[in-house]
Amino acid sequence: MIRYFITSLTTIHYDVLVFVVKVKNISYFTHFINIIFLKKFLLENLIRIMLNFIFERTWEDIGMEEEISKCDILLINPPYHRRIGSGIVPPLGLAYLCSSLINANFNPEVLDCSLVIQDLFEDSLRKLKIFVKEQIKSLNPKYAIGIGPCTTATLKAIIEIINACNEVCPYKPIIMGGPLTLIPQIDWLFFDKLKVFAVIKGDGESRIVELLSRMKHKQEIKGIQGIQTQKKENVVPYFERNLNNLLFPTWDKFVLKSYKPSIRRDLFYYPFVPVIGSRGCYFDCSFCFSGQCIKYRKRRLSNIIEEIRFLVSKYDIQSIIFYDDCLFINNKKINPKIVEFSNSIGRISDELFWQFEIRPDLFSKLDVETTKTLYENGCRQINLGIENVSQKNLEFLNKEYSVDLVKEKSDMIRKYVKKLRLTGTFIFGGPYETENTIRNTIEYSTKLNLLYAHFYPLEIYPGTPLYDIYVDNKKNIFWYEEILQSDKPWGEIIYESKELPINKLFNFINLAYKSFYERKDWLNLAKFLLKENFESVLGIINHWKKNRFNIEV
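Report follows, based on the coordinates. (Residues numbered from 1 in each chain as written. Predicted model: local features only at pLDDT ≥ 70, side-chain atom pairs only at ≥ 80, totals over all residues. Heavy atoms only, no water.)

Mapped onto the secondary structure, Lys 399 falls in the loop between α14 (391-397) and α15 (403-416). Among the polar contacts made by the side chain of Lys 399, one reaches the side chain of Glu 387 at a distance of 3.1 Å. Every residue in contact with Lys 399, bar those within four places of it in the chain, is listed here: Cys 285, Pro 360, Gly 385, Glu 387 and Leu 394. (Helix = DSSP H or I, 4+ residues; strand = E, 2+ residues; numbered from the N terminus. Polar contact = N/O pair within 3.5 Å; in protein donor to acceptor, adjacent residues only side chain to side chain. Contact = heavy atoms within 4.5 Å.)

Laid out in structure tokens, this is it:
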């Protein structure tokens, strides 16, 4: 009798919260959540006193708690629509969060949904929802569920993940983070559309620990720097001033053998992990979000090297991809900086291989000795964001470089460092793009001695100058509704014009893949650089010529 009475009391706060969720009134939710936490706190302590006094037994002894939680917080990495030949990279952001949470004595678990589905078509989304529901039931996170990164490419999947969470445990707080949280005046997305409990704006390592600590001790959570809990709340994003103070990301919660980079970045040494030596971007390309909303900060070289030593010794990492937007930024000191960086990595291990991204204006300043030093110290690939060759288009994109100098440096590398791989990305589209400028870019791509070239339509991201221009020209567009359409599984908005509508853009992209990869000189270069991996890579590239994006337009 007493046990039945106590059990009934402990379920009251859940009934109230379920009612609020079903009503779907955010003001009710905000009002009741504090009452619920207070009620639960008083009720649980009252029951503990009664149990100790009457039965001299603990809370767990008579099964008063909910089903046992296997983690304090479940971190969910949402999937995205993968292109043909795309890889799956272990989520670095969640690995950083895990380190901070574990250091604060929390027990996080990670659910990487990018390993579950590879596209965002309806059948795959249904499969995703079923999988997430099963995992939440099994893990039963104690305090919260964290979802991120939130981007335009993952938004479709995030909606299904949130629906799954609400069906299994509608009372469980959902926390979100990622690039979209930094866009000014976008709180409607998180609090009206997605109806989440809290949003972490900016760097999340210390923020998520503070938030979970307050939830654990049933304290007020409003007012934490960088965390928004309700619509129209003025919250300034939080950025770590000194990245060297962050704990190294932990990969203990991940099965690293499950991950493989894209064909373009695959060095064929495993396991691999991503590393970043900086956050944000020093530049402000009009099409890129990073330079607009994320403050640029850089780690010390000694700190980066210490992390790499840790990765090699603990996880036996054999290859590293530096994903920095701006690993190097100094034009005048670019050669000595890269030499110092390369030599430092080379002293760690003779069996560690790596690659990095570099802007074409900086690439054009590399000398022969620097490129030799790169290869001697394990660097096997340089990735270039070339984008376009039309001067007008480059000015519009706010990304300028010398086309002739980049060609000259690619010839230099092929002559003096024959085994160092080069890759390049190119963008088609924009107000000044024409069929002729696209053909010129395609032709230029074939002259650069690149092992891989990727061709993309110009994508429009909220929070960028390009988005503001496009919206002014197409006033009826609302990006949230646009990217959720069933015929847009890719989750991106493409810059279209009268001369170059989306179907024509993709026809040119298919032409670019055929023009680049059907050349005899490319076949010879690929056989030389890829050796025993050539045939498997060629099979994937043959698909690129038809439809690399795995969509119909």
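Back to the write-up after that little detour.
Moving on: the sheet that holds strand β6 (residues 227-228). Judged by pairing direction, the sheet is mixed, and its six strands sit side by side in the order β2-β1-β3-β4-β5-β6 without closing on themselves. Only two strands of the sheet have a single neighbouring strand rather than two, namely β2 (108-112) and β6. Both strand β3 (residues 144-147) and strand β4 (residues 174-177) contribute to a ladder of three bridges, which runs parallel. Paired with Gly 146 across the strands is Ile 175, a residue of β4. (Pairing = 2+ DSSP bridges.)

Tallied over the full model, the rule gives three cavities of 30 Å³ or more. In this structure, the second largest cavity encloses a volume near 60 Å³. What lines the second largest cavity is simply Tyr 96, Leu 243, Leu 246, Leu 247, Phe 248, Pro 249, Ile 276, Ser 278, Arg 279, Arg 299, Asn 303 and Glu 307. At the level of elements, β8 (278-279) and α10 (301-315) are the ones that each hand at least two residues to the lining of the second largest cavity. Of the residues that constitute the lining of the second largest cavity, the class distribution is seven nonpolar, two polar and three charged. (1 Å grid on protein atoms, 1.4 Å probe; cavity = no way out; pocket = protein on both sides within 12 Å on 5 of 7 lines; lining within 4 Å. Points joined across faces, edges and corners; volume = space filled by probe spheres on them. Nonpolar A, V, L, I, M, F, W, Y, C, P; charged D, E, K, R; others polar.)

At 3.6 residues per turn, the α-helix brings residues three or four places apart onto the same side. For α15, built from 14 residues, the straight-helix expectation of 20 Å at 1.5 Å per residue is met to within 8% by its first-to-last C-alpha distance of 20 Å. Residues Val 406, Lys 409, Ser 410, Met 412, Ile 413 and Arg 414 constitute the buried set of α15. The inward-facing, buried residues of α15 abut α12 (360-363), α13 (368-376), β12 (379-387), β13 (421-428), α16 (435-445) and α20 (520-530). (Expected span 1.5 Å × (residues − 1). Buried < 20%, exposed > 50% of the residue type's maximum accessible area, 1.4 Å probe, protein only.)

Glancing now at the sheet that holds β12. Pairing in this open sheet of six strands is parallel, and the strands run β7-β10-β11-β12-β13-β14 from one edge to the other. Both outer strands of the open sheet, β7 (272-275) and β14 (452-457), are each paired with one neighbouring strand and no more. Strand-to-strand twist across the sheet, computed as the mean angle between neighbouring axes with direction ignored, equals 20°. In the sheet, β12 pairs with β13 via six bridges, with the strands oriented parallel. Each bridged residue has a counterpart across the sheet, and for Gly 385 the counterpart in β13 is Thr 425. α16 rests against β12, β13 and β14 of the sheet, and its axis sits at about 175° to β13. (Axes fitted to C-alpha atoms, helices over the stretch in contact; angles between N-to-C directions.)

Axis separation between α20 and helix α21 (residues 534-547) bottoms out at 9 Å; the angle between their running directions is 135°. Of the possible angle classes, the one that applies to α20 and α21 is oblique. Facing α20, whose interface residues are Trp 522, Leu 523, Ala 526, Lys 527 and Leu 530, α21 presents Phe 534, Val 537, Leu 538 and Ile 541. (Parallel < 35°, antiparallel > 145°, perpendicular 65-115°, else oblique.)

Turning our attention to the packing of aromatic side chains. Considering all chains together, one arrives at 29 aromatic pairs under this definition. Ring centres 5.3 Å apart and planes at 85° place the aromatic pair Phe 328 and Phe 341 in the edge-to-face group. Placement of the pair is Phe 328 in the loop between β10 (319-322) and α11 (334-346) and Phe 341 in helix α11, with a sequence separation of 13 residues. With respect to burial, Phe 328 and Phe 341 carry one shared label: buried. Ring centres of Tyr 517 and Trp 522 lie 5.0 Å apart, and the angle between their planes is 85°; this geometry places the pair in the edge-to-face category. Owing to a relative accessible area of 1%, Tyr 517 belongs among the buried residues under this scheme. (Phe/Tyr/Trp six-rings, centres within 6.5 Å; stacked < 30°, edge-to-face > 60°.)

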